[in-house]
Amino acid sequence: MLHGEELDRVGIDGWLESYQRKELLRILTCGSVDDGKSTLIGRLLHDSAGVFEDQLKTLKKDTTRYGTTGEEIDFALLMDGLQAEREQGITIDVAYRYFSTPRRKFIVADTPGHEQYTRNMATGASTSDLAIILIDARKGVLAQTRRHAFICSLLGIKHVVIAVNKMDLVEYSQEVFETIRRECGEFLGRLSIPDVHFIPMSARRGENVVGRSQTMPWYQGAPLLDYLETVHIAGDRNTIDLRLPVQLVLRPNLDFRGFAGTLASGVLRKGDEIVALPSGRRAFVKQVFVSGAERDEAGPGMAVTITLDREIDISRGDLIARPNNAPPLEHAVEAMVVWMNEATLVPGRQYLIVQSTLMAPVAVTDLRYKIDVNTLKSEDAAQLSLNEIGRIRLECAKPLAADPYTKNRHTGAFILIDRLSNATVGAGMILDRTPAEQAIDRERRSRDAGTNLTPGAGKVSPEQRAARIGQRPFTLWLTGLPRSGKSSLAHALEHVLFERGVQSVVLDGESLRKGLSSDLGFSVRDRAEHVRRAAELAKLLNDHGQVVLAAFVSPTAEQRARARATVGEERFLEVFCDAPLATCESRDTTGFYARARKGEIANVTGVDTQYEAPAAPTLRLDTAGQSLEANVERILELLKSRMLLH
Amino acid sequence: MSTFQLTHLEELEAEGIAIIREVVAQFEKPVMLFSIGKDSIAMLRLAEKAFAPGKLPFPLLHVNTTFKFKEMISFRDEFVKSRGHQLIEWINQDGVKSGITPFNAGTQRYTHVMKTEALKQALSHYGFDAAFGGARRDEEKSRAKERVFSFRDRFHQWDPKNQRPELWNLYNGQVAKGESIRVFPLSNWTELDVWLYIYREQIPVIPLYFAKPRPVLQRNGTWIMRDDERMPLEPGETPELRSVRFRTLGCYPLTGAVESTASNLREVIEEMLRSRTSERQGRVIDYDEAGSMEQKKKEGYF
């Protein structure tokens, strides 16, 4: 009995002191009924003293009644919880077991190995750090072994132990063990499990489970329990990406407004700047409570409550992240889904999604394919049945702050709920999409949205509006490197025009990204989308008689050509703010270029993406050598020459 | 620099707090069962932490069978008052009127009327749609497969064949009108974890858990403490003073004591670490038949 020995050695005070440092390891066991899985867990529990005498007595009683081992105690009976299952001799659900050693506490999720129970295995795997996959040494690698490894990989388990069991029935043959290890290597190579460990054992005889086997001297590694006690899991935690899904807003009194939730990942400190999604509002952290007590900081997995330095609107389902490290907000995501219900998944159906603390209606718009878990091949499918795994596309009524599951096991996971039966019907993992996929998606959506619109239905024409306001609308499109002086020029011009009785609107990155483009990031695709929206907005404003002063880097000739086509050739004036990169960098007081140089931010024009200077702009301004006033004057001259200004 | 590695108790605590908050977020009228035992005390501490610095957003409910240890009731009142919580006590008055006792009706029938039925009455009476219980999966085999959010139909019944899968920390609390859930924030705790947590948090527990000389009788191989005169003595029975303590608490005629000299928390933990029997051994109701707990749970028992 391990605890007893430890107590004799260190005494109760020493023991209580050491429990303070004890870690938790969550284990999944997978294998079929006949691989001896339940026996293995029963053995772990018994040999590490997780089984009490009275339970053992019941076990002995049960062994004579239902057992399959004759005289020996059938440890499997310890695991099979429900009476009906016991009589059938099979485990049909997930059962949780607990044991501890002086080093760690273990939670074991036991799941069945039957083909139809992929659902249960996915359930057990979702919370596990490590999986033990059992192989019967006599049978070697089976289709189910591949299936188990695939589900472990899909659910993001990083550590797998392949337990080659029943070695006593193959005369403890090293050759049998090595063959299995080789066969496993072939398919494990196609999965993404970073840490795989092989152990030959006999659970029934307790060899290489808790104690070292005397009969397999050729195996130099540790027995299973030693390995479970020492496998390094601390590195699996993500302390980089702050993600705090807001579970509850606590308002015990008028002076306190706390946002409660469990830190999915990252570290949160007093004084940190945060951004709330989807609103994009920012604030600074005033107080951090961890499990109810005020602290300076909190880390992954902690139950926290935070207060902020200002009132911003945050409610359950929102996500708190960092301004420079926030997940993209997506109305549509691609995901792998494990189907868990008798009612099949048919594309087009609506469900409720629960992702982090957000619950919202979703539609499954596409079923891309399903995966044959035995061969890992994908095939076309019209529907997804119970225990099948497939790739789907979801559209959500609310924007999802969606990290890919491979990057974040908490914010990248979701469940689907049937709206009529309230049953949990699917478990999903969000996929990392390439920017190209996102762009295709966006184009498709904007095309769909346009199909039932009829253009030009208005009763008042742009010409009539322009005449009423008494000005000729146009779009002055200022392009150039970041910090080349576009916005300053636009604002200076706005002022001059205002003095002359011309109403104009300045559009620039600053103003658009706070609202209209707040869902966009800074990838190449997102920036192109940002420019597209700016051009569409400029067109609308022009149609309503307003003069638009648009200041956008718009680094490619193609983007500017599209903007010109959107706004209309006759209303579009392209002004190139020409300043050398070195000048722009030297003017930068915000540290923007410096961070790009350090690689902290990507896709910065001039640094890691190219700026295509316009070949034939309407006007080229030297914004490095000439003064702001001189450049404003040159623009005014241009406008006069075009009869756009009197 | 901190590594932010949680210990197993910290991880269990965080999980429990998250579960309690989730219920408050998803349900309109939750209630927390408070049985005065160590599990209830630990669970209540999690709830206090979940809403600190505010108060609990739900009341506590104690189903009093009228055969609880006297000390439990006085401890309950003092404890709840000192923490400033709201407590509802529920007694099945039909049962009281019928004069049912564990002695005249048998333990099964008595437990059914005064515990299971009483609980269902209370939940229906107040319209609670979620009830927290301190049950742990390690207590008993049928508990090992219980969900954290355990769905009950409008008759408060549990269907072990039709449980919702529970993945990650995503809990599906969608219920139709009249349906409810039972919630177990201590699902992943063991008896040892509960004691270690109480030790770490320095929470006061009822002294019945600590050994002292008490008047006990030997019945069916268990020591039963005769807490009052309602318990009839068999011919020739005389209570004797023995140093005993309780590992679980409930109705005194149904709760077995263990002989022990462990008189404080440290000693109790040490005794348990060296112990070879599980805590449920002291419970008379589980003994009736293999699978008895499963049957009770189907009927609506916690």
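Calculation criteria
- Residues numbered from 1 in each chain as written.
- Chains lettered and ligands numbered in written order.
- Predicted model: local features only at pLDDT ≥ 70, side-chain atom pairs only at ≥ 80, totals over all residues.
- Heavy atoms only, no water.
- Helix = DSSP H or I, 4+ residues; strand = E, 2+ residues; numbered from the N terminus.
- Buried < 20%, exposed > 50% of the residue type's maximum accessible area, 1.4 Å probe, protein only.
- Areas by Shrake-Rupley, 256 points an atom, 1.4 Å probe, with all protein chains shown as cover.
- Contact = heavy atoms within 4.5 Å.
- Phe/Tyr/Trp six-rings, centres within 6.5 Å; stacked < 30°, edge-to-face > 60°.
- Core = buried A, V, L, I, M, F, W, Y, C linked by side-chain atoms within 4.5 Å.
- Pairing = 2+ DSSP bridges.
- Axes fitted to C-alpha atoms, helices over the stretch in contact; angles between N-to-C directions.
- Salt bridge = Lys/Arg side-chain N within 4 Å of Asp/Glu carboxyl O.
- Polar contact = N/O pair within 3.5 Å; in protein donor to acceptor, adjacent residues only side chain to side chain.
- Nonpolar A, V, L, I, M, F, W, Y, C, P; charged D, E, K, R; others polar.
- Disulfide = S-S within 2.5 Å.
- Lys, Arg positive; Asp, Glu negative; His and termini not counted.
- pLDDT = per-residue confidence, 0-100.

Participant: How should I be thinking about the overall build of chain A in this particular structure?
Facilitator: Within chain A, the secondary structure is distributed over 18 helices and 28 strands. In chain A, buried positions account for 54% of the 646 residues. For chain A, the computed accessible surface area is about 27900 Å², with 50% contributed by carbon and sulfur atoms.

Participant: Help me understand the overall build of chain B in this model?
Facilitator: Check the secondary structure of chain B and you find nine helices and 10 strands. When each of the 302 residues of chain B is scored for burial, the buried share is 64%. The contacts of chain B with a sequence gap of at least 6 include a subset with a gap of at least 24, amounting to 75%. For chain B, the accessible surface area stands at approximately 11400 Å², while carbon and sulfur atoms represent 50% of it.

Participant: Explain the packing of aromatic side chains here, please?
Facilitator: The full count for this structure, using the stated rule, is 24 aromatic pairs over all chains. Aromatic side chains phenylalanine 576 of chain A and tyrosine 611 of chain A sit 5.9 Å apart centroid to centroid with 25 degrees between the ring planes, which places their arrangement in the stacked category. Placement of phenylalanine 576 of chain A in strand S27 (residues 572-578) and of tyrosine 611 of chain A in the loop between helix H17 (592-597) and strand S28 (619-622) is noted, with a sequence separation of 35 residues between them. For the pair phenylalanine 576 of chain A and tyrosine 611 of chain A, a shared accessibility class is recorded, and that class is buried. Ring geometry for phenylalanine 67 of chain B against tyrosine 110 of chain B: centres 5.8 Å apart, planes inclined by 85 degrees, an arrangement best described as edge-to-face.

Participant: Would you explain the nonpolar core in this entry?
Facilitator: Note that soluble globular proteins tend to have their nonpolar side chains buried in a common cluster. By size, the foremost hydrophobic cluster in this structure holds 163 residues, and its most contacted members are Ile132 and Cys152 of chain A together with Trp168 of chain B. Val506, Cys577, Ile635 and Leu644 of chain A belong to the second largest nonpolar core, which has 24 residues in total.

Participant: Would you explain the sheet that holds strand S8 (residues 222-225) of chain B in this entry?
Facilitator: Paired through backbone hydrogen bonds, the strands of a sheet run either parallel or antiparallel to each other. All names here are of chain B. Taken in spatial order, the four strands line up as S7-S8-S10-S9 and close into a barrel, and their pairing is antiparallel. When strand polarity is set aside, the average angle formed by the axes of neighbouring strands in this sheet is 70 degrees. Sheet topology places S8 next to strand S10 (residues 256-259); two bridges connect them, and they run antiparallel. Residue pairing across strands places isoleucine 224 opposite glycine 256, the latter belonging to S10.

Participant: What is the right way to look at the interface of chain B and chain A in this model?
Facilitator: Taken together, the contact pairs 71 residues of chain B with 92 residues of chain A. Our count for the chain B to chain A interface comes out at six salt bridges. Notably, a salt bridge pairs aspartate 193 of chain B with lysine 105 of chain A, separated by 2.2 Å at the nearest N-O pair. There are 21 residue pairs in polar contact (both at pLDDT 80 or more) connecting chain B and chain A. Mapped onto the side of chain B that touches chain A, the elements with two or more residues apiece are helix H1 (8-26), helix H2 (38-51), helix H7 (191-201) and helix H8 (265-274) of chain B. Top contributing element to the side of chain B that touches chain A by residue count: H1 of chain B, with 14 residues. Across the side of chain B that touches chain A, the residue classes break down as 30 nonpolar, 20 polar and 21 charged.

Participant: Is there a simple way to think about the sheet that holds strand S24 (residues 475-479) of chain A in this case?
Facilitator: Residues and elements named next belong to chain A. What the five strands build is an open sheet, ordered S25-S26-S24-S27-S28; its pairing is parallel. Looking at strand neighbours, the two that pair on one side only are strand S25 (504-508) and S28, the edges of this open sheet. Neighbour to neighbour, the strand axes of the sheet diverge by 20 degrees on average, direction disregarded. When S25 meets strand S26 (residues 547-551), the two strands line up parallel, connected through five bridges. Bridge pairing in S26 links leucine 507 to alanine 550.

Participant: What is the right way to read the environment of aspartate 93 of chain A from this model?
Facilitator: Summarising the element assignment, aspartate 93 of chain A is placed in the loop between helix H5 (83-88) and strand S2 (95-100). Taking C-alpha positions, aspartate 93 of chain A is 6.3 Å from threonine 111 of chain A, a pair spaced 18 residues apart along the chain.

Participant: In this structure, what is going on with the state of the cysteines? I would like to understand it.
Facilitator: Working definition: the covalent bond between the sulfur atoms of two cysteines is a disulfide. Residues and elements named next belong to chain A. For the structure on display, the rule yields zero disulfides over all chains. Here cysteine 577 is not disulfide-linked; the sulfur of cysteine 584 is the nearest cysteine sulfur, at 9.6 Å. Residue cysteine 577 is classed as buried on the basis of its relative accessible area of 1%.

Participant: Looking at this model, I keep getting lost on H7 of chain B. Mind explaining?
Facilitator: Along an α-helix, residues three or four apart share an orientation, since each turn contains 3.6 residues. All names here are of chain B. Within H7, nine of the 11 residues are buried, which leaves it mostly tucked inside the rest of the structure. Where H7 is concerned, the buried positions are Glu191, Leu192, Asp193, Val194, Trp195, Leu196, Tyr197, Ile198 and Glu201. One or two residues past the end of H7 sits glutamine 202, with phi positive at roughly 55 degrees.

Participant: What should I look at first to understand the side chain of aspartate 318 of chain A in this one?
Facilitator: Residues and elements named next belong to chain A. With respect to the helices and strands, aspartate 318 occurs in the loop between strand S15 (303-308) and strand S16 (319-321). Buried charge aspartate 318 goes without a salt bridge, the closest partner of opposite sign being lysine 398 at 7.5 Å. Residues contacting aspartate 318, with those up to four places away along its chain left out, are Leu244, Pro245, Val246, Leu277, Pro278, Asp313 and Thr357.

Participant: I would appreciate a short explanation of the confidence of the model for chain B in the present structure.
Facilitator: Keep in mind that low pLDDT regions are not for reading the predicted coordinates in detail. All names here are of chain B. In the predicted model, chain B carries a mean pLDDT of 89, and the fraction of residues at 70 or more is 89%. Mean pLDDT across the secondary structure elements of chain B bottoms out at helix H9 (residues 292-299), with 65, and peaks at strand S1 (residues 30-33), with 98. Taken as a whole, residues 285-290 scores under 50 in pLDDT and shows 15 contacts with residues more than four places along the chain or in a different chain.

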